[in-house]
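# Structural overview for review
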Amino acid sequence: SRFFFAGASCVFTVNFTHPIELVKTRMQVSGDGLVSVVSSTLKNEGVTGFWKGIAFAWGREGSYASIKLGAYAPGTLAVSVFILHIWHSLLLLWFVPVLCRGVLID
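Remember, it's a predicted structure, so these values are computed and weren't measured experimentally. (Residues numbered from 1 in each chain as written. Predicted model: local features only at pLDDT ≥ 70, side-chain atom pairs only at ≥ 80, totals over all residues. Heavy atoms only, no water.)

This paragraph deals with a nonpolar patch on the surface. A cluster of nonpolar side chains, namely V79, F82, I83, L84, I86, W87, L90 and L91, defines an oily patch on the protein surface of about 750 Å² accessible area. Checked against the element boundaries, L84 lands in helix α4 (residues 72–105). (Patch = residues over 30% accessible without salt bridge, like charges linked within 9 Å, V, L, I, M, F, W, Y side chains within 5 Å. Areas by Shrake-Rupley, 256 points an atom, 1.4 Å probe, with all protein chains shown as cover. Salt bridge = Lys/Arg side-chain N within 4 Å of Asp/Glu carboxyl O. Helix = DSSP H or I, 4+ residues; strand = E, 2+ residues; numbered from the N terminus.)

All chains considered together, the criterion is met by 2 aromatic pairs. Look at F4 and F5: their rings are 5.3 Å apart centre to centre, the planes differ by 70°, and that puts the pair in the edge-to-face class. In terms of burial, F4 and F5 fall into one category: exposed. (Phe/Tyr/Trp six-rings, centres within 6.5 Å; stacked < 30°, edge-to-face > 60°. Buried < 20%, exposed > 50% of the residue type's maximum accessible area, 1.4 Å probe, protein only.)

This brings us to the environment of M27. Looking at the element boundaries, M27 is found in helix α1 (residues 2–30). The spacing of M27 and V37 is 10 residues in sequence and 6.4 Å in space, taken between C-alpha atoms. Setting aside residues no more than four positions away along its own chain, M27 makes contact with D32, G33, L34 and V37. (Contact = heavy atoms within 4.5 Å.)

Moving on, we get to the side chain of H18. As for its position among the elements, H18 is in helix α1. If we skip the residues at most four places from it in the chain, H18 touches F50, W51, K52, G53, I54 and A57.

Attention now goes to the packing of α1 against helix α3 (residues 54–70). Close contact between α1 and α3 brings their axes to 7 Å; oriented N to C, the two are set at 140°. Here α1 is positioned oblique relative to α3, judged by the angle of their axes. Crossing of α1 over α3 shows right-handed handedness. Contacts from R2, F3, A6, G7, C10, V11, V14, N15 and H18 of α1 reach α3 at I54, A57, W58, E61, G62, A65, S66, I67, L69 and G70. Across the contact of α1 with α3, the residue classes break down as 11 nonpolar, 6 polar and 2 charged. (Axes fitted to C-alpha atoms, helices over the stretch in contact; angles between N-to-C directions. Parallel < 35°, antiparallel > 145°, perpendicular 65-115°, else oblique. Left-handed = near helix turned anticlockwise from the far one by under 90°. Nonpolar A, V, L, I, M, F, W, Y, C, P; charged D, E, K, R; others polar.)

Listed below in structure tokens is the structure:
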């Protein structure tokens, strides 16, 4: 369920960010300014033109974000356990002999 809710939240969010991304991309491609791109999109395609290609954005967010966000907690746990294991190994292999050497020499 973690993966589902992660993907669903991003699919919901992309409904609001997609128009901004569309305008940004069209500004980059055409070299025109914000007002020019927004007005030409409204004139040529209407308000719904700002959501052109939204189905592809849903697909991207549904797959990419569900994996990215859904795997975050298990991934961080795995990395934490790995780092803790390395820390204990270093402690046993390096620090303990150094401490024992100091005790044995004195």
